[in-house]
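Now for the letters of each chain:
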Amino acid sequence: MSPELEENSQDEISVSQMEAGALSEEEGGGSARPLVPVLGADPGCGEGGGAGPPQTQDGAAAGTGNGAVAGQEGERETWTRQMDFIMSCVGFAVGLGNVWRFPYLCYKNGGGVFLIPYLLIVFIGGIPVFFLEIALGQFMKQGGVSAWNIAPLFKGLGLASMVIVFFCNTYYIMILVWGLYFFFHSFTDPLPWATCGHPWNTPNCTQDFRRPCNNRSALQLSAANTSNLLSTLSPLNLTSSLLLINNSCMETEGLRSPVIEFWERKVLRISGGLHEPGVICYEMVLCLMATWVIVYFCMWKGVKSTGKVVYFTALFPYLVLVVLLAHGITLPGALNGIVFYLKPDWSKLGEAQVWIDAGTQIFFSYAIGLGALTALGSYNRFHNNCYQDAFVLALINSGTSFFAGFVVFSVLGFMAAEQGVDISKVAESGPGLAFIAYPKAVTLMPLAPLWAALFFFMLLILGLDSQFVGVEGLITGIMDMLPPKSAIGSLRREVVAAICCIICFFIDLSMVTEGGMYVFQLFDYYSASGITLLWQAFWECVVIAWVYGADRFMDDVARMIGYQPLPYMKWCWSYITPFVCVAVFLFHVVNYKPLTYNTVYTYPLWGEALGWALALSSMLCIPVTVLYKLLRCKGSLRERWQHLTTPVWGRHHLEYLAPESEAKLLPAAETKSALLFESVI
């Protein structure tokens, strides 16, 4: 404990405060009720607005000293091995964004130069918040919502993270559904997206990108002009120019690749807009159902099952990435692709967009603000070295992103060489890379079905652990919130998990319709966007650093790991990271553009309103909860603040906070189930 905190504590604690905060729990009632207020104690405020100290769903009471301690029924489940935690974090945080987003951002923002802003923001933004969330879960031994009993007034932070992770779990699984669909279609030779002539293809489908113009009027070049043009070109530029001419012919004639037609007309069966939902695709419904069943059985038993599955789901993608790279670098044009990926453009460092892209990518890829990291950390042993874990996991996460770039651009370099176009013409990010560019490249390889099946299986596994660990975080938060002695609280974990999966499944049915892609993009753009995650990360830092106290939290971490972390963590939480979050947040708001699909379809006003409703449903949880708690509390504003920012300790803190703290067991009330503690620090 820091000297100033110790001094304040000695001044503030009185006998009346030690006696305040006792609660009793009526048999079978499941929720705590305040006893007769103790004379001399400050007026309290419960969740229901009556007198008494703040309470939580599990019957915890917050006193006016340095925290009340709530008795917990039974020990919290922990990881069988600490490596289970590492693998779960790797599986959750290392996902599709590392493979399909980072390489594209790297080439777009100056190649190797992009690593400078990226690594800088990793150390001042990514690692501090990543460490904060894991350490908070480990210290409080609670999931994403109840962990914020460390400052009960801001429990809305936990609710906001639950809303975000719920939306993520709902729409993210669609990527796995599409991947599973492609995987099933990878076992045919030739691949269905390699050729035209299928029922879903149009007359404009073409496999030959070098065919001459049918419509000669598309390009009115005289023979003299043509000969003059060609005579001035070197052999290399000649090929490029002819391809440019042919490409312009294709654009004029509306010719389309079989890959794009398979994606849009067979997989998505895309309609004209959000206002045209169309019919449900039952093939996709079966894939959706299969995916949710797999996710459910990966996490239905909690960390005991999750901790085993992640060894395969976290490690297997690395094996496939190595195999794909070994194959990719043997392809013609691969070296050009890798050079294109890393070639530095120093002028990019002066562009604000480069720094914004770096910050946004880090908050996305580190899975910050979703509450799942807090849930995973809550299953750690109290004395686990989470500080060391945070740096190891950050290294794995960013290293995977960098390594994946070599895999992606070796294949894109080959694809560009085969088509005779510049690599910038084939470079894609997001679903465009996974479901258009890479499948197209695979069709140009020998043994195409093998590489297609391997790629989509890796895609499935890479997204699967992110999905079921995200659902695990949601279930953990819900289970921690349920009143322990109520009928709802007695539900088995497996039942709660099944209910959540079924609800998400029915919402997902809107995304397997002909207008489903528009719904998916709406969720992706708004519900878990950079704006919502930055808002969440900002308030997490502010609450820990300025409400609970950065020095105080550093002391708590030192109790867990046995030594003080570097002071730079405290500085980041207090000043640097909130500043980074605000800067990137404001940039996003100022440069906001209405959502479009393929730059062709612009979402209607009601669609944008629906999107903002998704974003605000999580963002407003924080201020609304703060206002609600303050208004329901009694006493002066200062007394309300004091009560509502007093931590609610768990029973395990009695053991681990000694000898600095003395735990006093209050006399049991008449009710049999009353077992309450008051912490005197």
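This next bit is on the overall build of the protein. A tally of helices and strands in the protein yields 26 helices and 8 strands. Expressed as a percentage of the 681 residues in the protein, the buried residues total 56%. For the protein, contacts bridging at least 24 residues in sequence account for 82% of all contacts bridging at least 6. Just so you have it, the protein exposes about 27800 Å², and 65% of that area is on carbon and sulfur atoms.

For the rest of this paragraph, the subject is the packing of helix α7 (residues 156-184) against helix α24 (residues 621-632). Put simply, α7 and α24 touch, their axes get as near as 8 Å, and they point 145° apart. Here the hand of the crossing between α7 and α24 comes out right-handed. Contacts from G156, L157, L159, A160 and V163 of α7 reach α24 at C621, I622 and T625. For the contact of α7 with α24, the per-class residue count stands at 6 nonpolar, 2 polar and no charged.

Here we come to the state of the cysteines. As enumerated under the stated definition, the model contains 1 disulfide in all. Each sulfur of the disulfide joining C196 and C205 lies 2.0 Å from the other. Here the S-S torsion is close to -80°, and the disulfide linking C196 with C205 is therefore left-handed. For C205, a relative accessible area of 11% corresponds to the buried category. Of all cysteine sulfurs, the one in C500 lies closest to C504, which takes part in no disulfide; the gap is 6.7 Å.

The next subject is the nonpolar core. Core analysis: the largest hydrophobic core is formed by 200 residues, its most contacted members being I150 and W178. Broken down by element, this core gets its largest block of residues, 19 residues, from α7. Residues in contact with W178, not counting those within four places in the same chain, are W263, V267, L268, M284, F435, M517 and F520.

With that out of the way, let us pick up the side chain of S257. By secondary structure assignment, the location of S257 is in the loop between α9 (235-253) and α10 (258-267). In terms of polar contacts, S257 uses its side chain to reach the backbone amide nitrogen of V259, at 3.1 Å.

Along its 14 residues, helix α14 (residues 352-365) runs 20 Å from first to last C-alpha, staying within 8% of the 20 Å computed at 1.5 Å per residue. Across the 14 residues that make up α14, a large majority, 10, are buried. Within the sequence span of α14, burial applies to V354, I356, D357, A358, G359, T360, Q361, I362, F363 and S365.

With that out of the way, let us pick up unusual backbone geometry. Of note, the bond from D189 into P190 is cis; its omega dihedral lies within 30 degrees of zero at 5°. By the secondary structure assignment, P190 is in the loop between α7 and α8 (223-231). With phi around 55°, A367 is a residue other than glycine that occupies positive phi space. Within the secondary structure layout, A367 lies in the loop between α14 and α15 (372-377). For A367, a relative accessible area of 6% puts it in the buried group. At L447, a residue that is not glycine, the phi angle is positive and equals roughly 55°.

Attention now goes to the confidence of the model for the protein. Across the protein, pLDDT averages 77, with 77% of residues at or above 70. Scored below 50 in pLDDT, residues 47-65 shows 73 contacts in the model against residues more than four places distant or in partner chains. Here residues 659-681 is modelled with pLDDT under 50, and outside its nearest four sequence neighbours on either side it reaches 59 contacts, counting other chains as well.

So, on to the pattern of salt bridges. Here the structure, examined in full by the defined rule, presents 11 salt bridges. Note that R81 is salt-bridged to D84, the shortest N-O span being 3.9 Å. The class of R81 is partly exposed, set by a relative accessible area of 43%. Judged by its relative accessible area of 0%, D84 falls in the buried class. R492 is paired through a salt bridge with E494; the nearest N and O atoms lie 3.1 Å apart. R492 gets classed as exposed once you look at its relative accessible area, which sits at 53%.

Here we take up the environment of L96. Of note, L96 is situated in helix α4 (residues 96-100). Considered as a pair, L96 and L462 are 366 residues apart in the sequence and their alpha carbons are 6.4 Å apart. Residues within four places of L96 in sequence aside, it is in contact with R101, Y172, I175, L459, L462 and G463.

As a further point, take the packing of helix α6 (residues 115-140) against α14. Orientation of α6 relative to α14, taken along the N-to-C sense of each, is 50°, at an axis distance of 9 Å. The angle between the axes of α6 and α14 places the two elements in the oblique class. Relative to α14, the crossing made by α6 is right-handed. Contacts between α6 and α14 involve P117, Y118, L120, I121, V122 and G126 from the former and V354, W355, A358, G359, Q361, I362 and S365 from the latter.

Time to look at a nonpolar patch on the surface. A cluster of nonpolar side chains, contributed by L491, V495, I499 and I503, occupies part of the molecular surface with about 290 Å² of accessible area. Structurally, L491 is set in the loop between α18 (448-481) and α19 (493-508). Judged by relative accessible area, which is 33%, L491 ranks as partly exposed.

Time to look at the packing of aromatic side chains. This structure, assessed with the given rule, holds 60 aromatic pairs. When the ring of F340 is compared with that of F409, the centres are 6.4 Å apart and the planes differ by 35°; the resulting orientation is tilted. Taken together, the positions of F340 in helix α13 (residues 334-342) and F409 in helix α16 (residues 386-419) put the pair 69 residues apart, joining distant regions of the chain. Judged by relative accessible area, F409 falls into the buried class, the value being 1%. Members of the aromatic cluster, connected to one another through ring pairs, are Y171, W178, F182, W193, W200, F262, W263, F435, Y438, F455, F456 and F520.

Once that is clear, we can look at the environment of F363. The topology assignment puts F363 in helix α14. Note: C-alpha distance between F363 and F130 (233 residues apart in sequence) is 9.2 Å. Not counting chain neighbours up to four residues away, the residues in contact with F363 comprise I368, L533, L534, A537 and C581.

Let us look at the environment of T476. With respect to the helices and strands, the residue T476 is situated in helix α18. Linking T476 and S146, residues 330 residues apart in sequence, is a C-alpha distance of 9.8 Å. Not counting the four nearest positions on each side in its chain, T476 is found in contact with R76, G143, A375, S378, Y379 and R493.

A rise of 1.5 Å per residue sets the reference length of helix α22 (residues 567-590), with its 24 residues, at 34 Å; its end C-alpha atoms lie 34 Å apart and thus fit the reference within 8%. Helix geometry: α22 is bent most strongly at W573, by close to 55°. Y568, M569, C572, W573, S574, T577, P578, V580, C581, V584 and F585 are the residues of α22 that are buried. Looking at the buried residues of α22, the elements they touch are α6, α14, α16, α21 (530-561) and α23 (605-619).

Parameters at a glance
Residues numbered from 1 in each chain as written. Predicted model: local features only at pLDDT ≥ 70, side-chain atom pairs only at ≥ 80, totals over all residues. Heavy atoms only, no water. Helix = DSSP H or I, 4+ residues; strand = E, 2+ residues; numbered from the N terminus. Buried < 20%, exposed > 50% of the residue type's maximum accessible area, 1.4 Å probe, protein only. Contact = heavy atoms within 4.5 Å. Areas by Shrake-Rupley, 256 points an atom, 1.4 Å probe, with all protein chains shown as cover. Axes fitted to C-alpha atoms, helices over the stretch in contact; angles between N-to-C directions. Left-handed = near helix turned anticlockwise from the far one by under 90°. Nonpolar A, V, L, I, M, F, W, Y, C, P; charged D, E, K, R; others polar. Disulfide = S-S within 2.5 Å. Core = buried A, V, L, I, M, F, W, Y, C linked by side-chain atoms within 4.5 Å. Polar contact = N/O pair within 3.5 Å; in protein donor to acceptor, adjacent residues only side chain to side chain. Expected span 1.5 Å × (residues − 1). pLDDT = per-residue confidence, 0-100. Salt bridge = Lys/Arg side-chain N within 4 Å of Asp/Glu carboxyl O. Parallel < 35°, antiparallel > 145°, perpendicular 65-115°, else oblique. Patch = residues over 30% accessible without salt bridge, like charges linked within 9 Å, V, L, I, M, F, W, Y side chains within 5 Å. Phe/Tyr/Trp six-rings, centres within 6.5 Å; stacked < 30°, edge-to-face > 60°. Bend = angle between axes of the 7 residues up to and from the residue.

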